[in-house]
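Here's the letter readout for the chains.
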Amino acid sequence: MPVGIFRVCLVVMTAIVNHPYLYPRENGAVPENTEEIIQKMKEREEILRMEQLRFEQEIADQEAREKALEKAAEVVEESKEEKIRWDIWTALSMVIFLLMELWRQDFQEGSWQDIEGEEDDLAVLGKVFKGLAFPDKAVLSSFYEKRILGTTGDMARMREMVEGFADDLLEALRSVCNRDADMEVEDCMGVGSMYENWRVRKPFVCDLIVPFAPPEPYRFRSQTWCSGDSFPPDEQGYGTIKVCRANEDVTGCICDKTKLGEDMLCLLHSQANTTRPSSEMEDLLCFKNTQYLDANQVMKWFQIAVTKAWNRISHKYEFDLSFSLLDSPGALKIKFKSGKSIAFNLTPVVQYENSDVYFISHFPWSGLAADVPSSTHWFLTFAVYERRFIQLVSKTLPANACHVSCLQILSFLHAKQCSITGPSGLTNYHLKTVMLHLLQARPSQDWMPEKLEARLQDMLKFLEKCLHEKKLYHFFIGNGKIPAELGFPIIFQRAEPLNLFRPFVLHRDVYKKTVDTFHEMLRNMTALINEYAVHIPLAQTNGIRKQSF
């Protein structure tokens, strides 16, 4: 106990001794330390306040981010639901489309045998023409011998006469032209129905094409719709022809694409090789202010040159020569003193590279190039290859094959019907294209002469199917089965098929008129054939029987 009391007393005494107020004068630095402490406390308070504000801002940002994430999650969820709904509708639409396509194909494949269902103006053979009276082989043979062969016997003499006169006329044309400035004209070539031996309608007209080339040092550089550059759909089947110098490499030098400056000179092309002025390019039959060959300028030059050539040799002949049609600049007519006349077409063309494909300004024998995009667009004609293909296939067919006979009968029936009801959108070129497709599709034994009736029905069926679908593809363009013996350019075999019936898609009135004319021709076919197939025994005339195709 005394020890505890002593310890307490010792602590009290120590506290009294060490109390600061007992020595006020000796501790003079106390007030200054207090101010520093207060200042530090204020600074610390400011720092804490700033930290508080920063923490509050971070908390606000964190809350904003959390709200944004929640909103984004809601949007994603809504988009997933919308996508699911859209995928369902897309899948449903695709299923409906596929079902419609399958139904359409099944309908087309079975349409030739289907004799049930509704009848409309665009139905295929076998529905509208159930029970169509179709002449048999005897009637067709008699009609062909009396109406076709009886009127085409003098075609060979006419071709020989026209070719001889055309050669003389072109030789005179070369003599009147300036060899240093005018186009160089080559020998003419016969194309079309007169030279493929299936022309049936009078007056007989020979179609001759005349290749020409520019004078030195110029050359033609052609470009087609299938050469790689994009062409609009209405320009498919066309091309352009650029006049350039023979040593000009358009793709190899950039001097004609870039301004070099007044103090710079291209080392490949001197000033002497620069392009001719605009006026001289027009002398080369180019479109104004361009280097592209103008079809209208070419036909104008050709008419003037032919007129000069005829004036030079007219004294050698006892007939007159004149241009017969204003809308066909190359249509010529020979008029004899007896009153008879012979018409022929002499059309300038440009050769495509080193092939027998030619650029032609217009088709005097058909309406294929009626809607030319511009005068610098030239249509491509494959008439030379078409003639060669028919000759090549004919060598593999039986004697007196019926392919030409079918085409002649169909051409005659269509022309006769058009003379009654007016012109339609079908041309002889369309009919020939049908024959070319069937020649390639059917074996050679199917073209025996006794199968004339069956093959004529095939052509009618094929043509009706093409009209129904508004699709008749060009025989050569996009056809990879062309015989290699023809030497046909591969660029056109690899091109997209060209639909010759595309105008029917754009012009519904023309299409309806064409279909109506075709159907009317089929209804009148028996009457048209019987009109000319005379002097047939009664037993054979009873051979006209009904066909359901």
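Structure first, text after, so check above.
What you see is a predicted model; the values in this text were computed from it and never measured.

S.K.: Provide a residue-level description of the overall build of the protein chain, including the pertinent values.
M.R.: Scanning the protein chain from N- to C-terminus turns up 15 helices and twelve strands. Within the protein chain, buried positions represent 41% of all 549 residues. For the protein chain, the proportion of contacts with a sequence separation of at least 24, taken over those separated by at least 6, is 70%. Carbon and sulfur atoms provide 55% of the accessible area of the protein chain, an area that totals close to 32,100 Å².

S.K.: Before we move on, can you summarise unusual backbone geometry with the specific residues and values?
M.R.: Residue Pro 203 is bonded to the preceding Lys 202 through a cis peptide linkage, with omega at 0°. Assignment of secondary structure puts Pro 203 in the loop between α5 (193-196) and β4 (205-213). Omega for the bond connecting Glu 216 with Pro 217 falls within 30 degrees of zero, at 5°, which places this linkage in the cis form. Relative to the elements of secondary structure, Pro 217 occurs in the loop between β4 and β5 (218-224).

S.K.: Tell me about a nonpolar patch on the surface, residues and numbers included.
M.R.: On the surface, Leu 92, Ile 96 and Met 100 cluster together to form a nonpolar patch covering roughly 290 Å² of accessible area. With respect to the helices and strands, Met 100 occurs in helix α2 (residues 30-109).

S.K.: Let's hear about the packing of helix α10 (residues 428-441) against helix α11 (residues 452-469): which residues, and what values?
M.R.: Between two packed helices, the angle of one axis relative to the other and the distance separating the axes together describe the packing. Running from N to C, α10 and α11 cross one another at 110°; their axes reach a closest spacing of 10 Å. What the angle tells us is that α10 and α11 run roughly perpendicular. Every pair of crossing elements has a handedness; the one defined by α10 and α11 is right-handed. Where α10 abuts α11, its residues Leu 431, Val 434, Met 435, His 437 and Leu 438 lie against Asp 458, Met 459, Phe 462 and Leu 463. Looking at the contact of α10 with α11 residue by residue, the class counts come to seven nonpolar, one polar and one charged.

S.K.: Can you lay out α10 for me, pointing to particular residues and giving the numbers?
M.R.: With 14 residues, α10 extends 20 Å from end C-alpha to end C-alpha; this agrees with the ideal 20 Å at 1.5 Å per step. In terms of burial, α10 is a largely internal element, eleven of the 14 residues being buried. Inspection of α10 places Tyr 429, His 430, Leu 431, Lys 432, Thr 433, Val 434, Met 435, Leu 436, His 437, Leu 438 and Leu 439 among the buried residues, and these make up the whole buried set. Residues of α10 that are buried in the fold lie against α5, α8 (383-394), α9 (403-421) and α11.

S.K.: I'd love a proper account of a negative patch on the surface, names of residues and values included.
M.R.: Together, Glu 63, Glu 66, Glu 70, Glu 74, Glu 77 and Glu 78 line one region of the surface with negative charge. Following the sequence through the fold, Glu 78 ends up in helix α2. Accessibility expressed as a relative area gives 51% for Glu 78, which makes it exposed.

S.K.: Which residues make up the packing of aromatic side chains, and what are the values?
M.R.: Tallying each qualifying case throughout the model produces 28 aromatic pairs. Between Tyr 317 and Phe 319, the aromatic rings sit 5.0 Å apart at their centres with planes inclined by 40°, giving tilted as the arrangement. Between Phe 382 and Phe 476 the ring centres are 6.3 Å apart and the planes differ by 15°, which places this aromatic pair in the stacked class. Of this pair, Phe 382 sits in the loop between β11 (378-381) and α8 while Phe 476 sits in the loop between α11 and α12 (490-493), placing them 94 residues apart in sequence. For the pair formed by Phe 382 and Phe 476, the shared burial category is buried. An aromatic cluster of at least three residues, connected via ring pairs, comprises Trp 225, Tyr 352, Phe 359, Phe 382, Tyr 385, Phe 389, Phe 475, Phe 476, Phe 488 and Phe 492. Just above the ring of Tyr 195 sits the side chain of Arg 159; from NZ or CZ to the centre is 5.9 Å. Note that Arg 388 overlies the ring of Tyr 385, its terminal NZ or CZ placed 5.7 Å from the centroid.

Rules behind the numbers
- Residues numbered from 1 in each chain as written.
- Predicted model: local features only at pLDDT ≥ 70, side-chain atom pairs only at ≥ 80, totals over all residues.
- Heavy atoms only, no water.
- Helix = DSSP H or I, 4+ residues; strand = E, 2+ residues; numbered from the N terminus.
- Buried < 20%, exposed > 50% of the residue type's maximum accessible area, 1.4 Å probe, protein only.
- Contact = heavy atoms within 4.5 Å.
- Areas by Shrake-Rupley, 256 points an atom, 1.4 Å probe, with all protein chains shown as cover.
- Patch = residues over 30% accessible without salt bridge, like charges linked within 9 Å, V, L, I, M, F, W, Y side chains within 5 Å.
- Salt bridge = Lys/Arg side-chain N within 4 Å of Asp/Glu carboxyl O.
- Axes fitted to C-alpha atoms, helices over the stretch in contact; angles between N-to-C directions.
- Parallel < 35°, antiparallel > 145°, perpendicular 65-115°, else oblique.
- Left-handed = near helix turned anticlockwise from the far one by under 90°.
- Nonpolar A, V, L, I, M, F, W, Y, C, P; charged D, E, K, R; others polar.
- Expected span 1.5 Å × (residues − 1).
- Lys, Arg positive; Asp, Glu negative; His and termini not counted.
- Charge placed at Lys NZ, Arg CZ, Asp CG, Glu CD.
- Phe/Tyr/Trp six-rings, centres within 6.5 Å; stacked < 30°, edge-to-face > 60°.
- Lys NZ or Arg CZ within 6 Å of the ring centre and 35° of its normal.

Honestly, it's all geometry; don't read function into it.
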